[in-house]
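# Structural characterization, general
Chain residues, written in single-letter form:
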Amino acid sequence: MEYILIFISAIFVNNIVLAQFLGICPFLGVSKKIDTSLGMSAAVAFVMTLATIVTYLVQKFVLDPNGLGYLQTIAFILVIASLVQMVEIVLKKVSPALYQALGIFLPLITTNCAVLGVAILVIQKDFSLLQSVVYAFSTAIGFGLAMTVFAGMREQLELVKIPKGMQGMAIVLVSAGLLSLAFMGFSGVDGGLRTLFGLD
């Protein structure tokens, strides 16, 4: 039951983009079309889950035993950057079609603060490895959901007449704010489910 709560909470209640404001750069920059948003979401889901596993193991078996916890951020950045490069090389050799599909998005993930944010959050929340994997994958789904819905909104905005003063980034930011408000409607779901299943 705990894993289901982590899953629901990460996607809807504590959405990484709309509630925690991590990963805003790709959210605003790569969300002009639904297909590019889906590509970015798939790449983020893959890298975020893999990066969380590796950084968790680095934290528990390298940093903590040697008293190097203060190097967490630098170590995690290096791990994520290396991981993205390795994934890129492996995909190029093993699956050229998948590499072509994700190719342009993989370098962008290196600078996506949502990946680093999730890696640090699972350590702060003191999750187990399995909880960390569930949280990372759920967060990636939440990221993808927010990106895809927002891309749909932006595609619809291109079909309507917008006042001159609101064109461009102004209407994009207003739309992002409205989407964030819509997701705030899920804020009581987490507590309600915990009470329902007696986990409080």
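Above this text is the structure in question.
Described in the following lines is the structure provided in the data block. On a predicted model such as this, the values are computed, not experimentally measured, just so you know.

Next up on the list: the overall build of the protein chain. Within the protein chain, the secondary structure is distributed over 10 helices and zero strands. Beginning at the N terminus, the succession of helices and strands in the protein chain can be written as α-α-α-α-α-α-α-α-α-α. In terms of overall dimensions, the protein chain is globule-like: its C-alpha atoms have a radius of gyration of 18 Å, near the 16 Å expected for 200 residues. Across its three principal directions, the C-alpha atoms of the protein chain cover 60 × 50 × 30 Å. Per-residue burial for the protein chain yields a buried fraction of 44% across its 200 residues. In the protein chain, the proportion of contacts linking residues at least 24 apart, taken out of those at least 6 apart, comes to 77%.

Going through the model one piece at a time under the given rule, you end up with two salt bridges. Residue Glu 158 is joined to Lys 33 by a salt bridge in which the shortest nitrogen-to-oxygen separation is 3.7 Å. Of this pair, Glu 158 sits in the loop between α8 (129-157) and α9 (169-184) while Lys 33 sits in the loop between α2 (24-29) and α3 (34-63), and the two are 125 residues apart along the sequence. For Lys 60, the salt bridge goes to Asp 126, with nearest N and O atoms at 4.0 Å. In this pair, Lys 60 is assigned in helix α3 and Asp 126 in the loop between α7 (113-124) and α8, connecting sequence segments 66 residues apart. Note on Lys 60: relative accessible area 27%, which makes it partly exposed.

Moving on, we come to the packing of aromatic side chains. In total, this model carries four aromatic pairs according to the counting rule given. Between Phe 183 and Phe 186, the aromatic rings sit 5.8 Å apart at their centres with planes inclined by 65 degrees, giving edge-to-face as the arrangement. Take Phe 186: its relative accessible area is 32%, and that puts it in the partly exposed class. One aromatic cluster in this structure is built from Phe 12, Phe 183 and Phe 186.

Looking now at the nonpolar core. Ranked by size, the top nonpolar core spans 55 residues in total, and within it Phe 27, Met 40, Met 48, Phe 76, Ile 109 and Tyr 135 carry the most contacts. Elements with a minimum of two residues in this core: α1 (2-13), α2, α3, α4 (72-94), α6 (106-110), α7, α8 and α9. Broken down by element, this core gets its largest block of residues, 10 residues, from α3. Non-local contacts of Phe 76, meaning those with residues more than four positions away in its chain, are made with Thr 55, Gln 59, Leu 63, Leu 116, Ala 119, Ile 120 and Ile 123.

Relative to the helices and strands, Ser 82 resides in helix α4. The partly exposed category is assigned to Ser 82, whose relative accessible area is 42%.

Next up on the list: the packing of α1 against α8. For the pair α1 and α8, the least separation of the axes is 7 Å and the interaxial angle reads 30 degrees. One finds that α1 runs roughly parallel with respect to α8. Here the hand of the crossing between α1 and α8 comes out right-handed. Residues Glu 2, Tyr 3, Ile 6, Phe 7, Ala 10, Ile 11 and Phe 12 of α1 form the contact with α8, whose own contacting residues are Leu 130, Gln 131, Val 134, Tyr 135, Ser 138, Thr 139, Ile 141, Gly 142 and Leu 145. A class-by-class count of the residues in the contact of α1 with α8 yields 11 nonpolar, four polar and one charged.

The rules behind these values
- Residues numbered from 1 in each chain as written.
- Predicted model: local features only at pLDDT ≥ 70, side-chain atom pairs only at ≥ 80, totals over all residues.
- Heavy atoms only, no water.
- Helix = DSSP H or I, 4+ residues; strand = E, 2+ residues; numbered from the N terminus.
- Rg over C-alpha atoms; globule rule 2.2 N^0.38 Å.
- Buried < 20%, exposed > 50% of the residue type's maximum accessible area, 1.4 Å probe, protein only.
- Contact = heavy atoms within 4.5 Å.
- Salt bridge = Lys/Arg side-chain N within 4 Å of Asp/Glu carboxyl O.
- Phe/Tyr/Trp six-rings, centres within 6.5 Å; stacked < 30°, edge-to-face > 60°.
- Core = buried A, V, L, I, M, F, W, Y, C linked by side-chain atoms within 4.5 Å.
- Axes fitted to C-alpha atoms, helices over the stretch in contact; angles between N-to-C directions.
- Parallel < 35°, antiparallel > 145°, perpendicular 65-115°, else oblique.
- Left-handed = near helix turned anticlockwise from the far one by under 90°.
- Nonpolar A, V, L, I, M, F, W, Y, C, P; charged D, E, K, R; others polar.

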